[in-house]
Structures are given as C-alpha cells and as structure tokens.
Amino acid sequence: MDKISPRQADFIKSHRRHHHFVALCRFTVFFLFLSLWEISANLHWIDAFIFSSPSRILATIIDMSKDYSIFRHTGITLYETLISFLLVILVSFVTATILWFSGTISEILEPWLVILNSLPKSALAPLLIVWLGANTRTIIVAGMSVAVFGSIISMYTAFRDTDEEKIKLIHTLGGSQMQVLRCVVIPSSLPSIISILKVNIGLCLVGVIIGEFLAAREGLGYLIIYASQIFKLNYLITALIILCIIAFFLYQIIQKYEHHIRKSRSL
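Residues numbered from 1 in each chain as written. Predicted model: local features only at pLDDT ≥ 70, side-chain atom pairs only at ≥ 80, totals over all residues. Heavy atoms only, no water.

## Topic: the nonpolar core
Selection rule: Nonpolar cores are built from buried Ala, Val, Leu, Ile, Met, Phe, Trp, Tyr and Cys residues. Side-chain atoms within 4.5 Å join them into one set. Exposure categories follow from relative accessible area, calculated using a 1.4 Å probe and restricted to protein chains: below 20% of the type maximum is buried, above 50% is exposed, and the middle band is partly exposed. Starting at the N terminus, helices and strands are each numbered in turn, a helix being any DSSP run of H or I of at least four residues and a strand any DSSP run of E of at least two. Between two residues, a contact is recorded if the distance between any of their heavy atoms is within 4.5 Å.
With 44 residues, the main nonpolar core has Trp100, Phe159 and Leu220 as its most contacted residues. Mapped onto this core, the elements with two or more residues apiece are α4 (69–101), α7 (136–160), α8 (164–172), α9 (177–215), α10 (220–229) and α11 (233–266). Of the residues forming this core, the biggest block, 12 residues, is contributed by α9. Leave out the neighbours within four places in its chain, and Leu220 touches His73, Thr74, Thr77, Ile209, Glu212, Ala239, Ile242, Leu243 and Ile246.

## Brief notes about the packing of aromatic side chains
Worth spelling out the cut-off: For Phe, Tyr and Trp, rings pair up if their centres lie within 6.5 Å, where Trp contributes its six-membered ring, and each pair is then called stacked (planes under 30 degrees apart), edge-to-face (over 60) or tilted (otherwise).
For the coordinates displayed, the defined rule picks out seven aromatic pairs. Ring geometry for Phe33 against Trp37: centres 5.7 Å apart, planes inclined by 45°, an arrangement best described as tilted. Of this pair, Phe33 and Trp37 are both found in helix α1 (residues 6–42), four residues apart, which corresponds to roughly one turn of the helix.

## Let's talk about the confidence of the model for the chain
Low-confidence regions, as indicated by low pLDDT, have predicted coordinates that should not be scrutinised in detail. Quick note on the threshold: The predictor's confidence in any single residue is recorded as pLDDT, a number from 0 to 100.
Looking at the chain, the pLDDT average stands at 87 and 97% of residues meet or exceed 70. The spread of mean pLDDT over the elements of the chain runs between helix α6 (residues 121–132), the lowest at 81, and α4, the highest at 94.

## Some details on the pattern of salt bridges
Should the charged atoms of two oppositely charged side chains come close, the side chains can pair. The cut-off we apply is this: When a carboxyl oxygen of Asp or Glu is within 4 Å of a side-chain nitrogen of Lys or Arg, the pair counts as a salt bridge.
All told, the structure shown has three salt bridges when counted by the stated rule. Notably, a salt bridge pairs Arg160 with Glu110, separated by 3.8 Å at the nearest N-O pair. Here Arg160, found in helix α7, pairs with Glu110, found in helix α5 (residues 103–118); they are 50 residues apart in sequence, far enough to count as distant. Its relative accessible area of 40% is what places Arg160 among the partly exposed residues. Residues Lys198 and Glu258 are paired through a salt bridge, measuring 2.6 Å at the closest nitrogen-oxygen approach. Residue Lys198 is located in helix α9, and its partner Glu258 is located in helix α11; the two are separated by 60 residues in the primary sequence. Its relative accessible area of 23% is what places Lys198 among the partly exposed residues.

## Concerning a nonpolar patch on the surface
As a reminder of what qualifies: Patch rule: a residue counts if its relative accessible area is over 30% and it has no salt bridge; like charges are joined within 9 Å, and nonpolar side chains (Val, Leu, Ile, Met, Phe, Trp, Tyr) within 5 Å. Accessible surface is estimated by sampling points in the Shrake-Rupley manner with a 1.4 Å probe; for residues, cover comes only from the protein chains shown.
There is a patch of nonpolar side chains on the surface, built from Leu87, Leu90, Phe93, Val94, Ile98, Ile105, Ile108, Leu109, Trp112 and Ile115 and spanning about 890 Å² of accessible area. Secondary-structure elements contributing two or more residues to the nonpolar patch are α4 and α5. Examined against the element boundaries, Ile105 turns out to sit in helix α5.

This is the structure in structure tokens:
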C-alpha cells in the first residue's frame, strides 16, 4: 500500500476536523433548541398543552414504550416508506432506461410524465383508496405517487445529459448501446442519481404519511390524525419528532453511500 504524503495527511486531518466541527454545530443547535423549548414551557412563555415540551415528549415516549405501541407505529411507517422508496427507484431506473433507449417513446411519454408529476398527490389518495381499498398496498402506492414521476424525469434528464463524445467513443470502438449505458451513462449519472435518492426518501415518507392519514389504522400518520382528534397533542408532536428522526437517519444512510461512491471513484 502506498504511503500517504504529509500533504495528503494534512488534508485528511483537515477534512475530519471539518466534519467533527459540523457535527458539533448540529448537536449544539439541537441542544439549544430543546433547552429553549423546555424553558419556554416551564416559564409559561408558551402554552405547554398546545406546544408540549421535551420532558413531556420523553414521558410520552416512555409511556408508549410500555405497550410497544410506539415501536409498532414507527415500524409500520418505516416499512411502508422503505418499500415505496425501493419501488420508486426500481420503476424510475427501468422507465428512464427505456426512455433513453428509445427517443420515440420518450417523445410520446415525456409530456404525460410532466402532467402526472404536476397533479396534487394528496388529491389522488382518496381515489387510490376507492381503487385499491384501505390497506397497506394503498399506502405504499400513495408513497410512490409523490416521488415516482419526478424521479423518472430527473433520472432520464441525467441519462440524456451524458457527454456525447464519450458515447461516440464507445460506438467507435464497436460497443453496443447497452455497453454505453453500463460503462458511460450510469457512471456519469451517479451524482444526479444520489441527489434523486436524497429527494425521493423524503417524498416517499411524505406520501406514506398522506396515505396513512386516510387509509391506515396503524402508523405514525394514523397516530397524528388520532392524536389531533382527541387533543392528545403530546402524542402528535412525538409522532412528528419521530418522523424527523426517521428522515434524518435515512438521509444519513444515503449520504454514507454517497461518500463511499466518491471514495471508490477517487481511488
């Protein structure tokens, strides 16, 4: 293994210090926010019944943990989000590939994709319930509907913007269209694909919550609606915070994958 030069070592140390500084700043902001929230509730600057407080939310989490309801609701929402996310990526990649292979098909379908992407997805959810019933499948489809059309358009655009000179080089060397896709288009589109993943994970979570608002008897979306109807606002805010935590960790997973890809490409 090659030795690391002093300049490379300094760069690595600087890079690590930067990441540690960013993480510390994030934690500090989060801690200050929680502290201000708790102090404001205790000093009655805000109405603790309406806005709750960190201590009340912690008590709610402990109370819901006793009957495992918080794990059940969180697990169901996480499962539905991951399934819808994986299906969105699969459908988007396959469809974008077909559009890239055939200019005629792309000319026919692209306007329809734009129209479908512009539809308000919250208005589609009641229709999905009529078509598919009030079940988990409907919620997963609702999660997909928020992200899939925009994802197809973005991924196809990334494929289409590949350097034409590289494509010509592969064709000149006798390469097939499939080899162009595998060796040039996908590698050059990886940064865009990672960005699409980051956006889609949040959109799928939003779509799943919309579906759970209307078609679920379990899940964080159902918990939010149920808590708002009986004015258990501690439960509602707890569910919102859990959603933020889920979104944060899913984003971190994709970011770790992005760092791994960048590291692999730089070697």
